[in-house]
Amino acid sequence: MTIARPGRTGLHGTCLIAGLCAVTSTLWAPPARADGTFAQIDIADGAADAVAVTARGPLQFGATASRYDGGHSLSFATTYALPLTQGPTLRLGPALGKSFGDDTSDGWQLGLKTSVEHYLPTDFGHLYGLAEYSTVRNNWFVSLQAGWTSGYGLELSAGGSDTHDAATIAVTRKLDDGPYSLRAGYRLVAESLFVGVSLNTF
C-alpha cells in the first residue's frame, strides 16, 4: 500500500478488483498460505505509509496508517477467508477507518472490506496478486508482484480512496534467507522516490 497526494477516485477501483478476480480465477494453484505476519513501511518526501497484517487460520487482522499531502488516515479490518478449496483466497469482514485533514478530521466510519489474493509458485520464483476494496471512504488497492529465487522482486501497485490516490513501482531485495526485505521505488502520482522495509513470514 502506498500514499500519494490528495485526489478523488471513482468506481474504477471496484472494476479493477473484478478484473483481477477474473484473471486469478483462471489459474489453478494452492490457496495463499494461511498463518503469518506481514508488516511494511514506506517513506517518501512528506509522506509515509505503514501496514501490518496477521493471519491465524481463516481470520486476518490488519491495520494501516498513512500520511499524505494534506492529512493522514488510520484504518483497521478483520476479515474471514471463505472456504474455497483451490485458486484465489476470498476474504470478507468489517472495517473501521478515520481520516484527518491538516485543519479538520472526519468521524470514525464503519464499513465492509473484501479482498482476493492469489499466490502462484513458478519455475523462476513466484507470482502474487492482491485486490482489496472497503466501503470506508471507497478505499481500494491492487498489487501485482513477482519474486525471483535470487531474492529480487518487482511490485506494481495502485490504490486510492475519497481522499487520496496512488500508483507505484518498486524493486525489492530479500535479506539473506530471512523474512526481511528492502524496498525502493517511484510514486507515479506524487512523482517522488520512496524507500522502505518489509517483514513477511507467510
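A quick note: this is a predicted structure, and the numbers were derived from the prediction, not measured.

About the cut-offs
- Residues numbered from 1 in each chain as written.
- Predicted model: local features only at pLDDT ≥ 70, side-chain atom pairs only at ≥ 80, totals over all residues.
- Heavy atoms only, no water.
- Helix = DSSP H or I, 4+ residues; strand = E, 2+ residues; numbered from the N terminus.
- Contact = heavy atoms within 4.5 Å.
- Phe/Tyr/Trp six-rings, centres within 6.5 Å; stacked < 30°, edge-to-face > 60°.
- Lys NZ or Arg CZ within 6 Å of the ring centre and 35° of its normal.
- Pairing = 2+ DSSP bridges.
- Axes fitted to C-alpha atoms, helices over the stretch in contact; angles between N-to-C directions.
- Patch = residues over 30% accessible without salt bridge, like charges linked within 9 Å, V, L, I, M, F, W, Y side chains within 5 Å.
- Areas by Shrake-Rupley, 256 points an atom, 1.4 Å probe, with all protein chains shown as cover.
- Salt bridge = Lys/Arg side-chain N within 4 Å of Asp/Glu carboxyl O.
- Buried < 20%, exposed > 50% of the residue type's maximum accessible area, 1.4 Å probe, protein only.

Trainee: Looking at this model, I keep getting lost on the environment of Ser198. Mind explaining?
Mentor: Mapped onto the elements, Ser198 comes out in strand S12 (residues 192–200). Between the C-alpha atoms of Ser198 and Ser181, which are 17 residues apart in sequence, the distance is 5.2 Å. The contacts of Ser198, once residues within four sequence positions are left out, are Phe38, Ala39, Gln40, Pro179, Tyr180, Ser181 and Arg183.

Trainee: Mind showing me how you'd approach the packing of aromatic side chains here?
Mentor: Any aromatic ring pair is given by two values, namely how distant the centres are and how the planes are angled relative to each other. Under the definition given, this model contains 2 aromatic pairs. Seen from their ring centres, Phe124 and Trp148 are 5.7 Å apart, and the 35 degrees between their planes marks the pair as tilted. Separated by 24 residues along the polypeptide, Phe124 in the loop between strand S6 (109–121) and strand S7 (125–134) and Trp148 in strand S8 (residues 139–148) bring together distant segments of the chain. The side chain of Arg173 reaches across the aromatic face of Tyr152, ending 4.6 Å from its centre.

Trainee: Before we go on, may I ask you to explain the sheet that holds S6 in this structure?
Mentor: Hydrogen bonds between backbone groups are what pair the strands of a sheet, and the pairing can be parallel or antiparallel. Strand order around the closed barrel formed by 12 strands is S1-S2-S3-S4-S5-S6-S7-S8-S9-S10-S11-S12, with antiparallel pairing between neighbours. When the angles between neighbouring strand axes are averaged without regard to direction, this sheet yields 15 degrees. Judged from the 9 bridges that link them, S6 and S7 form a sheet pairing that is antiparallel. Bridge assignment links Leu120 to a residue of S7, and that residue is Leu127.

Trainee: Help me understand the pairing of strand S11 (residues 180–187) in this model?
Mentor: Along any regular strand, the residues point their side chains to alternate faces of the sheet. Pairing of strand S10 (residues 165–174) with S11, which is carried by 7 bridges, proceeds in the antiparallel orientation. Each residue of the ladder has a partner; that of Val171, found in S11, is Ala184. Counting the residues in the hairpin turn of S10 and S11 gives 5 residues, including Asp176, whose phi is positive at 55 degrees. Both S11 and S12 contribute to a ladder of 8 bridges, which runs antiparallel. Across the sheet, Arg187 pairs through a bridge with Ser192, a residue of S12. Here S11 folds back onto S12 in antiparallel fashion, the turn holding 4 residues, of which Glu191 has a positive phi close to 55 degrees.

Trainee: Hey, could you run me through a nonpolar patch on the surface in this one?
Mentor: Together, Phe124, Leu127, Leu144, Trp148, Tyr152, Leu154, Leu156, Ile169, Val171, Tyr186, Leu188 and Leu193 make up an exposed nonpolar region whose accessible area comes to about 1100 Å². Looking at the nonpolar patch, the elements with two or more residues in it are S8, strand S9 (152–160) and S10. Among the elements that line the nonpolar patch, the one with the most residues is S9, at 3 residues. Residue placement: Leu188 occurs in the loop between S11 and S12.

Trainee: Is there a simple way to think about the pattern of salt bridges in this case?
Mentor: Taken as a whole, this structure holds 4 salt bridges when the rule is applied. Arg183 is the partner of Asp42 in a salt bridge, and the nearest nitrogen-oxygen pair spans 2.9 Å. Remark: Arg183 occurs in strand S11 and Asp42 occurs in strand S1 (residues 36–44); sequence separation between them is 141 residues. The same class applies to Asp42 and to Arg183, which are both buried. A salt bridge links Arg183 to Glu155; the shortest N-O distance between them is 2.9 Å. Of this pair, Arg183 sits in strand S11 while Glu155 sits in strand S9; the two residues are 28 residues apart in sequence, bridging distant segments of the chain. Judged on exposure class, the residue Arg183 and its partner Glu155 are both buried. Within the structure, one salt-bridge network assembled from shared partners comprises Asp42, Glu155 and Arg183.

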